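Here is how the chains run, residue by residue.
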Amino acid sequence: MSPLDGLKNVQTRLVHCSVAVAVVLAMPFAAAAAEVCSASKTRMEAIDPHIKGEIAALQFTGHPSDMSGLAFKREDGTDITIADFKGKTVLLNLWATWCAPCRTEMPDLDELQADLGGGDFEVVTVSLDRKAPGKARMFFDEIELKHLALYYDKGMALFPALRSRGMAFGMPTTVILDSDGCSLAHMSGPAAWGGDQAKVMIKAAMMAD
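Fair warning: this is a prediction, and the values are worked out from it, not measured in the lab.

### Observations regarding the nonpolar core
Counting 54 residues, the largest nonpolar core has Leu58, Phe72, Leu92, Trp193 and Met201 as the members making the most contacts within it. Every residue in contact with Leu92, bar those within four places of it in the chain, is listed here: Leu70, Ile82, Val124, Val126, Thr173, Thr174, Val175 and Leu177.

Below, the structure is given as structure tokens:
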């Protein structure tokens, strides 16, 4: 065996060892996620018959993913995560003032929060504007959004985090989360969230918790 062949063999073994270590390290996290989201499949089944009409573009996530660690900020700059909404069904919406479809659906999201928001459900709209929260606040005031809390992610980390899980391909992006912070369904693009079909689906998700 030549020195070059020996070097190649060593490199191959190192790659195999690295992959094996990565798999072993990932197993506890995968197991933990599966345990946290163990009830989510049943909740997906509960909303399945109601994904039609004006919200027909919602897609199931396949394997529910634990989103409780997703972090962003309140309007006052303090940190918050999806885990802070534990116990509530959540509609997570990523938007920006420069996104025309996002602007169009915000009144519907405000209406959805007004009708169903409370102890069991929350619409969580997170601005990705680089000049947030100021620019987002101006837009909220301009169109008189009265029921939505203002959250923002100036670093725009949420979008790639969702995209890496196959849930974000354009703006706006919406994810339906159950009371454990696990993903049930997602959509890229606007929808009539203030409409009857959206409210029926959300109520089904809440009842399944």
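### Section: the state of the cysteines
Per the counting criterion, the structure on display carries 2 disulfides. Note on cysteine connectivity: Cys37 is disulfide-linked to Cys182, with sulfurs 2.1 Å apart. Between Cys37 and Cys182 the sulfur-sulfur dihedral comes to about -90°; the bridge is accordingly left-handed. Taken together, the residues Cys37 in the loop between α1 (3–36) and α2 (40–47) and Cys182 in the loop between β7 (173–177) and β8 (183–188) connect sequence positions 145 residues apart. Given a relative accessible area of 0%, Cys182 falls into the buried group. Through a disulfide, Cys99 is tied to Cys102; the S-S separation comes to 2.2 Å. Between Cys99 and Cys102 the disulfide shows an S-S torsion of about 80°. By sign, it is right-handed.

### Digging into the packing of aromatic side chains
With the rule as written, the count across this model stands at 4 aromatic pairs. Arranged with centres 5.5 Å apart and planes meeting at 40°, the rings of Trp95 and Phe139 form a pair that is tilted. Here Trp95 is found in strand β4 (residues 89–95), whereas its partner Phe139 is found in helix α4 (residues 134–142), with 44 residues between them in sequence. You'll find Trp95 and Phe139 in the same group, each marked buried. Members of the aromatic cluster, each reached through a chain of ring pairs, are Phe72, Phe85 and Tyr151.

### Regarding the pattern of salt bridges
Side-chain pairs of opposite charge can arise where the charged atoms are in close proximity. Within this structure, the stated rule accounts for 9 salt bridges. Of the charged contacts, one joins Asp180 and Lys86 as a salt bridge, the two residues approaching to 3.2 Å between their closest N and O atoms. One end of the pair, Asp180, is in the loop between β7 and β8; the other, Lys86, is in the loop between β3 (79–81) and β4, with 94 residues separating them in the sequence. Salt-bridge contacts for Asp115 lead to Lys199; the nearest nitrogen and oxygen are separated by 2.4 Å. Within this pair, whereas Asp115 is found in helix α3 (residues 100–116), its partner Lys199 is found in helix α6 (residues 196–208), the two being separated by 84 residues in sequence. Judged by its relative accessible area of 13%, Lys199 is buried. Shared partners join several salt bridges into a network, and the residues in it are Arg43, Lys86, Asp178 and Asp180.

### So, the sheet that holds strand β2 (residues 71–74)
Strand order in the open sheet formed by 8 strands is β1-β8-β7-β4-β5-β6-β2-β3, and the pairing between neighbours is mixed. The open sheet has two edge strands, β1 (59–60) and β3, and neither has a second partner. As defined by bridge partners, β1 adjoins β8 across 2 bridges and the pair is classed as antiparallel. Paired with Phe60 across the strands is Ala185, a residue of β8. Relative to β8, α2 is tilted by about 50°, and along the sheet it contacts β1 and β8.

Reading guide: rules and limits
Residues numbered from 1 in each chain as written. Predicted model: local features only at pLDDT ≥ 70, side-chain atom pairs only at ≥ 80, totals over all residues. Heavy atoms only, no water. Core = buried A, V, L, I, M, F, W, Y, C linked by side-chain atoms within 4.5 Å. Buried < 20%, exposed > 50% of the residue type's maximum accessible area, 1.4 Å probe, protein only. Contact = heavy atoms within 4.5 Å. Disulfide = S-S within 2.5 Å. Helix = DSSP H or I, 4+ residues; strand = E, 2+ residues; numbered from the N terminus. Phe/Tyr/Trp six-rings, centres within 6.5 Å; stacked < 30°, edge-to-face > 60°. Salt bridge = Lys/Arg side-chain N within 4 Å of Asp/Glu carboxyl O. Pairing = 2+ DSSP bridges. Axes fitted to C-alpha atoms, helices over the stretch in contact; angles between N-to-C directions.

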